[in-house]
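# Chain and residue survey
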Amino acid sequence: MYIIPPVVYDKYLDDVSVCDMHSYMLEHYFEKKLKEYKGKGRVLIRGINC
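Below: a short report on this structure. (Residues numbered from 1 in each chain as written. Predicted model: local features only at pLDDT ≥ 70, side-chain atom pairs only at ≥ 80, totals over all residues. Heavy atoms only, no water.)

### Observations regarding unusual backbone geometry
Our working definition: Secondary structure counts use DSSP, requiring at least four H or I residues in a row for a helix and at least two E residues in a row for a strand, with both numbered from the N terminus.
Unlike most non-glycine residues, D14 shows phi in positive territory, near 50°. One can find D14 in the loop between β2 (7-10) and β3 (15-18).

Below you can see the structure in the form of structure tokens.
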């Protein structure tokens, strides 16, 4: 399974950007959830562990 950064559209600025996946809160959340993961295979998070 791959998790890719979400694309965000700012209606006010009429701009499309990619969500930053390197914030402390997200990295901490992913680290915790990946330790709890008991499914088959690996979870790859683009920009974090692949």
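### Things to note about the pattern of salt bridges
Opposite charge on two side chains permits them to pair, given that their charged atoms come into close proximity. The cut-off we apply is this: Any carboxyl oxygen of Asp or Glu within 4 Å of a side-chain nitrogen of Lys or Arg constitutes a salt bridge here. Burial here depends on accessible area, computed with a 1.4 Å probe over protein chains only, as a share of the maximum for the residue type. Under 20% is buried, over 50% is exposed, and the range in between is partly exposed.
The tally for this structure, following the rule as stated, stands at two salt bridges. In this structure, the salt-bridge partner of K35 is E31, at a minimum N-O distance of 3.7 Å. Of this pair, K35 and E31 are both found in helix α1 (residues 24-36), four residues apart, which corresponds to roughly one turn of the helix. As a salt-bridge pair, E36 and K33 come within 3.5 Å of each other at their nearest N and O atoms. Of this pair, E36 and K33 both sit in helix α1, three residues apart, roughly one helical turn. You can call K33 partly exposed: its relative accessible area is 37%.

### Looking at a nonpolar patch on the surface
Worth spelling out the cut-off: Patch membership needs two things, relative accessible area over 30% and no salt bridge, and members are linked within 9 Å if like-charged or within 5 Å if nonpolar (Val, Leu, Ile, Met, Phe, Trp, Tyr). Accessible surface area values rest on a Shrake-Rupley calculation with a 1.4 Å probe, where residue burial reflects the displayed protein chains alone.
The grouping of V7, Y9, V16 and V18 at the surface amounts to a nonpolar patch, some 420 Å² of accessible area in total. At the level of elements, β2 and β3 are the ones that each hand at least two residues to the nonpolar patch. In this structure, V7 sits in strand β2. For V7, a relative accessible area of 60% corresponds to the exposed category.

### Some thoughts on the pairing of β2
On a regular strand, each side chain points to the face opposite its neighbour's, so the side chains alternate between the two faces of the sheet. Our working rule: By the convention used here, strands pair only if DSSP detects at least 2 bridges between them.
Examined bridge by bridge, β2 and β3 share four bridges and lie antiparallel to one another. Of the residues in β3, the one forming a bridge with V8 is S17. Taking the residues that link successive antiparallel strands as the turn, the β2-β3 hairpin has four residues, and the phi of D14 there is positive, at about 50°.

### Observations regarding the environment of L26
Heads up, the condition is: Residues count as neighbours in contact if any of their non-hydrogen atoms are within 4.5 Å of one another.
Counting through the fold element by element, L26 comes out in helix α1. Residues contacting L26, with those up to four places away along its chain left out, are D20 and M21.

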